[in-house]
Amino acid sequence: MMAKSSSSQKDILLYNTASRSLERLDWSEYRPVTIYTCGPTVYGEQHIGNYRTFVFEDVLVRLLKFLGIPLQRVMNITDVGHLTSDADSGEDKLEVGAQRDGITAWEVAKRYTEHFEADMRLLGVVWPDALVRATDTIDAQIGLIKALEEKGYTYIITDGVYFDTAKYPQYRDFAKLDVAGLDAGSRVEMGEKRNITDFALWKFSTEPGKRHMEWESPWGLGFPGWHIECSAIIKETLGNTIDIHCGGVDHIQVHHTNEVAQSEAAHGEILARIWMHGEFLLVDGGKMSKSLGNIYTLANLKAKGITAPAFRLFLARAHYRSKLNFTWEEAQIAQKQYDTLAAKALESAPQQSDIADQYIARAVAALAHDLNTAQVLAIGLEASKELEGGARTYALETIFTTLLGIHFSPGEVEEIPEQVQELARLRDQAREKGDWSTADTLRTKIESYGYDILDTKNESRIVKKVL
Ligand code: AMP
Ligand code: ZN
């Protein structure tokens, strides 16, 4: 059902944060375009803002796949080392999650990786070729730190091994950092660091045995700094230089700047040719925050009647480099629009048609111009009005599902079978009565269907067993 694409449509322009300009993607049919996307920190549920970033990355992947461009895409799972402050102070988020949920950091990582994977399935994303846990790559991370140490880029202070940014003069170039401004603003956070921008490569365990996650290293018992995992995973899975590196805009100043410094210092080659950053999703015009109680998950949306594909339709309205404001009113409008489109798309079997192909070609061209999803949406809506029958279904499925990842058929996104939902309801009732043995038996039954139950403070959720 793939529409044909001409070679001119295979010109893809992408905005490169590193050069601050639109650049043509250099690709060849003889080697895959290598893509690395920074993944979730699995200390809690991911919110709809995080999914805005993961969805924009999915649209990029879908465009390349549609055009038949070979690609290899890797995403990491941050399950250690991401501290509550970007300045290498504060606690490890995973250990904080462990205290909150009353389980180990390892269990926290498993629980929220499963949440994340279940959500990604609901959103119908094309699965990365590799999803790599930071904790599975500790040796590679230690190897990279050793390489940096041998080249003289590191120093050791009381709490860990640090990267000396003064030894890497290009440090500020990537984010066009105002280091003088940083100095003035954050003297307090310097501690024993030599420069304000220096960052931890390895942190020491201050009280051995207290953390759930710690490893032996040439520098003593401890755990990796947050940034080193991405550099190590990229090298292990995709090589020294990749084609495209993605993440949210909040990663530019610290996380990606540090990735660039440590990878390029260690390997002497550029880390990524194109850097793409997705702008933030705002809620009610501002940042999502705990104190405002407006950090929404996909489950919160579902509870208010907003489905995952309708959320994707909502996201498609804005260009990934513009801020987007989430309100329930706009989400409901997107849901209605989605329902109307789904009804039309499911009315007939898809039938290739030349006129539909013209709409599809326009949509592909819009996407190939730095992922202009808003224009693709407009073209898709036009096709839904102008076309009929099988041609309409063919156009809608190609434009909305194949390109934008908005699935119409309920079977395409994960639906939990009714028996499993009933068992979960019975288990909730048993738990309410404190009948733990019945609850355990029911959990085993649920597992036999290939599902699992995740209990958090406020809810129990059914997820497909994935690990
Ligand atoms: P984290 O789980 O904090 O590591 O974040 C996962 C991804 O979500 C990263 O690429 C962040 O840049 C991105 N992100 C975090 N908050 C938002 C937001 N409000 N809107 C869009 N992307 C976000
Ligand atoms: Zn990263």
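Just so you know, these numbers come straight off a predicted model, no measurement behind them.

(A) Representation of the pattern of salt bridges within the structure. Under the criterion given, the structure shown has 22 salt bridges. The salt bridge partner of Glu-347 is Arg-392, with a shortest N-O separation of 3.0 Å. Placement of Glu-347 in the loop between helix H10 (328-345) and helix H11 (354-368) and of Arg-392 in helix H13 (residues 389-403) is noted, with a sequence separation of 45 residues between them. A relative accessible area of 57% means that Glu-347 is categorised as exposed.

(B) Highlighting the nonpolar core. Among the nonpolar cores identified, the biggest contains 130 residues, and Ile-244, Met-276, Phe-311, Phe-326 and Phe-400 are the most heavily contacted of them. Looking at this core, the element that brings in the most residues is helix H1 (residues 48-66), giving 11 residues. Core analysis: the second largest hydrophobic core is formed by 8 residues, Leu-423, Leu-442, Ile-453 and Ile-462 among them.

(C) View of the coordination of the zinc ion (ligand 2). Here the zinc ion (ligand 2) is held by Cys-38 (SG), Cys-230 (SG), His-255 (NE2) and Glu-259 (OE), and the distances to it run 2.1 to 2.4 Å. In this structure, the zinc ion (ligand 2) is coordinated by 4 donor atoms arranged in irregular fashion, with angles at the metal of 83 to 128°. Site description for the zinc ion (ligand 2): donor spacing in sequence, C-x191-C-x24-H-x3-E. Linking Cys-38 in the loop between strand S3 (33-37) and H1 with Glu-259 in helix H7 (residues 252-267), this pair joins segments that are 221 residues apart in sequence. The same class applies to Cys-38 and to Glu-259, which are both buried.

(D) Spotlight on the confidence of the model for the protein. Summary statistics for the protein give a mean pLDDT of 91 and a share of 92% for residues scoring 70 or more. In this model residues 1-7 is a low-confidence stretch, pLDDT under 50, and it forms 14 contacts with partners more than four residues away in sequence or in other chains.

(E) Layout of the site of ligand 1. Neighbouring residues of ligand 1: 16 residues in total, closest Thr-41, Gly-49, Thr-53, Asp-250 and Leu-281. Within the contact set of ligand 1, an oxygen atom lies 2.8 Å away from a side-chain nitrogen or oxygen of Thr-41. In this structure, Asp-250 approaches ligand 1 through a side-chain N or O atom, which is 2.4 Å from an oxygen atom. Computed on the free molecule, ligand 1 has an accessible area of 500 Å², of which 92% lies beneath the protein chains in the complex. The greatest single-element share of the shell around ligand 1, amounting to 4 residues, is contributed by H1. Split into classes, the residues belonging to the shell around ligand 1 amount to 5 nonpolar, 9 polar and 2 charged.

Procedures and definitions
- Numbering of residues starts from 1 in every chain and runs along the sequence as written.
- A letter from A marks each chain and a number from 1 marks each ligand, given out in the order of writing.
- The model is predicted, so local features are restricted to residues of pLDDT at least 70 and side-chain atom pairs to those at 80 or more, both for listing and for counting; the totals for chains, interfaces and linings are taken over all residues.
- Heavy atoms from the whole structure form the basis of all side-chain values; hydrogens and water molecules are not counted.
- Any Lys or Arg side-chain nitrogen located within 4 Å of an Asp or Glu carboxyl oxygen qualifies as a salt bridge.
- A run of H or I in DSSP becomes a helix once it reaches four residues, and a run of E becomes a strand once it reaches two; helices and strands are each numbered from the N terminus.
- The buried label goes to any residue with under 20% of its type's maximum accessible area, the exposed label to any with over 50%, and the partly exposed label to all in between, with areas taken from a 1.4 Å probe on protein chains only.
- In this text, buried Ala, Val, Leu, Ile, Met, Phe, Trp, Tyr and Cys residues form a nonpolar core when linked through side-chain atoms within 4.5 Å.
- We call an atom a donor if it is N, O or S and sits within 2.8 Å of the metal, or 3.2 Å for Na, K and Ca. Water is not counted, so some sites may look partial.
- Every angle between 85 and 135 degrees makes a four-donor site tetrahedral, while opposite donors more than 155 degrees apart, with all other angles between 65 and 115, make a four-donor site square planar and a six-donor site octahedral; other sites are irregular.
- Confidence scores labelled pLDDT are given residue by residue by the predictor and lie between 0 and 100.
- Working rule for contacts: check all heavy atoms of both residues, and any pair within 4.5 Å makes them a contact.
- Summary of the distance rule: residues count as near a molecule or strand when at least one heavy atom falls within 4 Å of that molecule or strand.
- Polar contacts, as counted here, are pairs of nitrogen or oxygen atoms within 3.5 Å of one another; within protein the pair requires one atom able to donate a hydrogen and one able to accept it, and residues that are adjacent in sequence qualify only if both atoms are side-chain atoms.
- Working definition of accessibility: Shrake-Rupley area with a 1.4 Å probe, residue cover restricted to the visible protein chains.
- Residue type decides the class: Asp, Glu, Lys and Arg count as charged, Ala, Val, Leu, Ile, Met, Phe, Trp, Tyr, Cys and Pro as nonpolar, and the leftover types, Gly among them, as polar.

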